[in-house]
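Chain residues, written in single-letter form:
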Amino acid sequence: MEVILPIANATAAAIARVSAAFNAPHARAVVFGIHIDGHLVVEGLLIAAILFQLSRKSYKPPKKPLTEKEIDELCDEWKPEPLCPPIKEGARIDTPTLECAAGPHTTIDGKEVVNFASANYLGLIGNEKIIDSCVGSVEKYGVGSCGPRGFYGTIDVHLDCEAKIAKFLGTQDSILYSYGISTIFSVIPAFCKKGDIIVADEGVHWAVQNGLQLSRSTVVYFKHNDMASLASTLEKLTHGNKRTEKIRRYIVVEAIYQNSGQVAPLDEIIRLKEKYRFRVILEESHSFGVLGKSGRGLAEHYGVPIEKIDIVTAGMGNALATDGGFCTGSVRVVDHQRLSSSGYVFSASLPPYLATAAISAVNHLEENPAVLSNLRSNIALLHKG
Amino acid sequence: MVRLPYVTALTTLFSYGLLFAFGQLRDFFRRILDVGKSNNLKGYAPICLGLEDFYTRRLYLRIQDCFGRPIASAPDAWFDVVERYSNDSNKTLHCTTKTSKCLNLGSYNYLGFAAADEYCTPHVIQSLKKYSASTCSVRVDGGNTKLHMELEELVARFVGKPAAIIFGMGYVTNSAIIPTLVGKGGLIISDSLNHNSIVNGARGSGASVQVFQHNNPAQLEDVLREQIAAGQHRTHRPWKKIIVIVEGIYSMEGELCKLPEIIAVCKKYKAYTYLDEAHSIGAVGKTGRGVCELLGVDPANIDIMMGTFTKSFGSCGGYIAASKEIIRHLKLTCPAHIYATSMSPPAVQQVISAIKVVLGEDGSNRGAKKLSQIRENSNFFRSELQKMGFEVLGDNDSPVMPIMLYNPAKIPAFSRECLRQHVAVVTVAFPATPLLLARARICISASHSREDLIKGLEVISKVGDLVGIKYFPVEHEKTTSLEKLKKLQ
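Cut-offs and rules
- Residues numbered from 1 in each chain as written.
- Chains lettered and ligands numbered in written order.
- Predicted model: local features only at pLDDT ≥ 70, side-chain atom pairs only at ≥ 80, totals over all residues.
- Heavy atoms only, no water.
- UniProt positions renumbered as here; feature names shortened; annotations may be inferred.
- pLDDT = per-residue confidence, 0-100.
- Helix = DSSP H or I, 4+ residues; strand = E, 2+ residues; numbered from the N terminus.
- Axes fitted to C-alpha atoms, helices over the stretch in contact; angles between N-to-C directions.
- Parallel < 35°, antiparallel > 145°, perpendicular 65-115°, else oblique.
- Left-handed = near helix turned anticlockwise from the far one by under 90°.
- Contact = heavy atoms within 4.5 Å.
- Nonpolar A, V, L, I, M, F, W, Y, C, P; charged D, E, K, R; others polar.
- Buried area = accessible area lost by both parts, 1.4 Å probe.
- Salt bridge = Lys/Arg side-chain N within 4 Å of Asp/Glu carboxyl O.
- Polar contact = N/O pair within 3.5 Å; in protein donor to acceptor, adjacent residues only side chain to side chain.

An unreviewed UniProt entry annotates chain B as Aminotransferase class I/classII large domain-containing protein originating from Zizania palustris. On record in UniProt, under Subcellular location (unreviewed entry), the comment for chain B is "Endoplasmic reticulum membrane".

As named in an unreviewed UniProt entry, chain A is serine C-palmitoyltransferase, taken from Zizania palustris. Listed under Cofactor (unreviewed entry) in UniProt, the entry text for chain A is "pyridoxal 5'-phosphate". UniProt lists a comment for chain A under the heading Subcellular location (unreviewed entry), and it reads "Endoplasmic reticulum membrane".

What follows is the structure, encoded as structure tokens:
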């Protein structure tokens, strides 16, 4: 009994001391007239500990750059692929070698053959008047033009040819390029930059695809020559999209498709373009001089005024029996290309005798519309057979 | 190397700043005045938004008459420049029927084949009558004639490679060949001052592109080591192949490429080399075979050699010369060969005749005379210009010499004053050159005679004094060398 009493007394005294400590008045220290409570010190220490941990950098394994010796070893063991892959045995192409002009009848290896391979639609290869004008041009100007258009490569026959083509088609102005396929793959990047929208046909040929790739814009393809597919694509792109007001939008089609031979329905395309506010780039390489009552191309064939098509390009290596290409449209369209189209600015201009040949060919087409009826009867004959 | 005086750099920057400020002021007023006018775009986005064509509208159009001057005769040593006038301060230019005969220091006519030539022109006319102006077909279908085969063999023999392939346009040669040689997973390392056609070809190929400092083989080695060690971007897989593209003569600097060192670096790191000799084939070298002959490099050490026929041979088109396997591969896959109209037969004949003249196979020594004439002319002209105090770029033996102008106002002043005194020069500014480094570029031809060059030098000296571009004036005695030469004539 006597043991329990001192223990009980000690416990009671301890409890009394603890409760006294808890119930003690809060003012323990007075610094500058502010009372500092005990718990504030503990909280201050906790905050200091948190800040210290936050300010320490997280652990990252140390970076070890490659030493010179390691780079040498890597360079020694790198083996490049051969520059060209080995030729497969079945992939040989034996191209026929012509011995005279590529007219309707030509000679290959001494044999007379009928030529169905050249795109000589109006039969102008071997035409006397055109060859005479070319001979005069070669004697006066030489063969090459020795300079780009900006640096004394503009010869008066180029300006005459541009004016002639613009007058023939009924557009405001035109611009000449020095090679057929470079026309379309310089025109597209000149107008379409990154961020623009292009809707193109699936079946366009290589040069158009190259131009689309170089332009870095967003390209959406629609099914080959399918107007319903085009309409739904345009609807999807412009539906509810307010930003399309500021972005440039283009439709790229060919008049006669090189890969399939189909004709694009221009009236449908114009109707869709005006509804959705897109600009049309029309590639007329195979239809210039072929379609239309007087050979003026797809617009005449469908009876659409040429002003409705924004940009028309064509290579002259087909119906006009010369080389090079042109692009026509409004003055604004053509002037823009004179400084920003890479195939025009950074390349030598068309040889003058080819520009003379183009002028003579267009003259011949204007004076003899009968060639078109000949062409059409031949086409009908072959289709029927 | 361009040594730009400090004061000149400051004044040039100030001039451009002033032009920019004036352009912005005029744009501001144009916007205010156009508020009332209705926009005839009808909901279409404009072709050029905002500041995209600021440079064209406000800076280029002011001096438009210095570029694109039409001519009415062959681009020979002397030609007829058509006079133009403008009614609306250079926005549109109209041609008159008057022409003025001027000395041609601007056309690329290095060997003088630009005008009708006594050997080439009869052959060209004959081929025109036989094959007509165009073949109207692609090379693989019906456009391959005996002339094309002959030219390919001749070019391969001339350049010193086993085989060659020709195309109808030099620009297309570069942009269509580079994608067939290297694709995704490959690396293209090109010189920082390469031509636009090479840049387009590299971009269109899908390979990664790195640039090394102009004509600096040591920096090329650093780039190669870094790239081979690091591998492809992000995946770090090894590169499939690496191609280094350089040019023989850089057309805006007139410099020759440091070919032996670059070839040594490429061989050490197993990279392929592609040499673009557009300006140097036919123009440099003892027998006209280009920079390889001039710098003593064996053509077998370069994998692919490309060139154009426009500059030295007075025709159009381009070629690629390489080993037989590469040429066979190109003939099967290159789109410019399979989809493009073949080169016009008279142009092919012109190149064949021109190469025969240069090689001496036409039975005369006109070729050797032309080659020595252009070398003498270039060295004479360059040394005289340097003696007069102009800052001339380029190496000896190169027929291209740019004279530095720097200030934007001196470009039209130099060009118009020279034209008034019957000398036609070419001036280039931004964006073909860096902003501060505008220049006038002279191209010498083998058809220039000594009197033509002296007349050109006199006019340039007078105009240079007027305009103030003799940045490095020299002692008095040296300037009398021109008078001494005139007395000797």
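### Some words on the confidence of the model for chain B
Residues and elements named next belong to chain B. The predicted model of chain B averages 88 in pLDDT, with 94% of residues at 70 or higher. For chain B, per-element mean pLDDT is lowest for helix α16 (residues 476–479), which scores 48, and highest for strand β6 (residues 242–247), which scores 94. Here the predicted complex carries an ipTM of 0.90, next to a pTM of 0.86.

### Brief notes about the packing of helix α5 (residues 156–169) of chain A against helix α13 (residues 352–367) of chain A
Residue and element names in this part refer to chain A. Between α5 and α13, the shortest axis-to-axis distance is 9 Å and the interhelical angle comes to 25 degrees. As summarised for this structure, α5 and α13 are arranged roughly parallel, according to the angle between their axes. Two packed elements cross with a definite hand, and for α5 against α13 that hand is left-handed. The segment α5 lies against α13, with Val157, His158, Asp160, Cys161, Lys164 and Phe168 engaging Pro352, Ala355, Thr356, Ala358, Ile359, Val362, Asn363, Leu365 and Glu366. Across the contact of α5 with α13, the residue classes break down as 9 nonpolar, 3 polar and 3 charged.

### A look at the interface of chain B and chain A
Buried accessible area, meaning the area lost when the parts come together, often serves as the stated size of an interface. Facing 100 residues of chain B, the contacting portion of chain A comprises 92 residues. Ranking the residues of chain B by area buried against chain A places Tyr44, Ile47 and Cys136 of chain B at the top, with a combined share of 9%. Counting the contacts that link chain B with chain A gives 3 salt bridges. Across the pair aspartate 72 of chain A and arginine 225 of chain B runs a salt bridge whose closest N-O atoms are separated by 2.7 Å. Joining chain B to chain A, the criterion identifies 29 residue pairs in polar contact (both at pLDDT 80 or more). Residue contributions to the side of chain B that touches chain A peak at 7 residues, all from helix α3 (residues 120–131) of chain B. Tallied by class, residues from the side of chain B that touches chain A come to 54 nonpolar, 28 polar and 18 charged.

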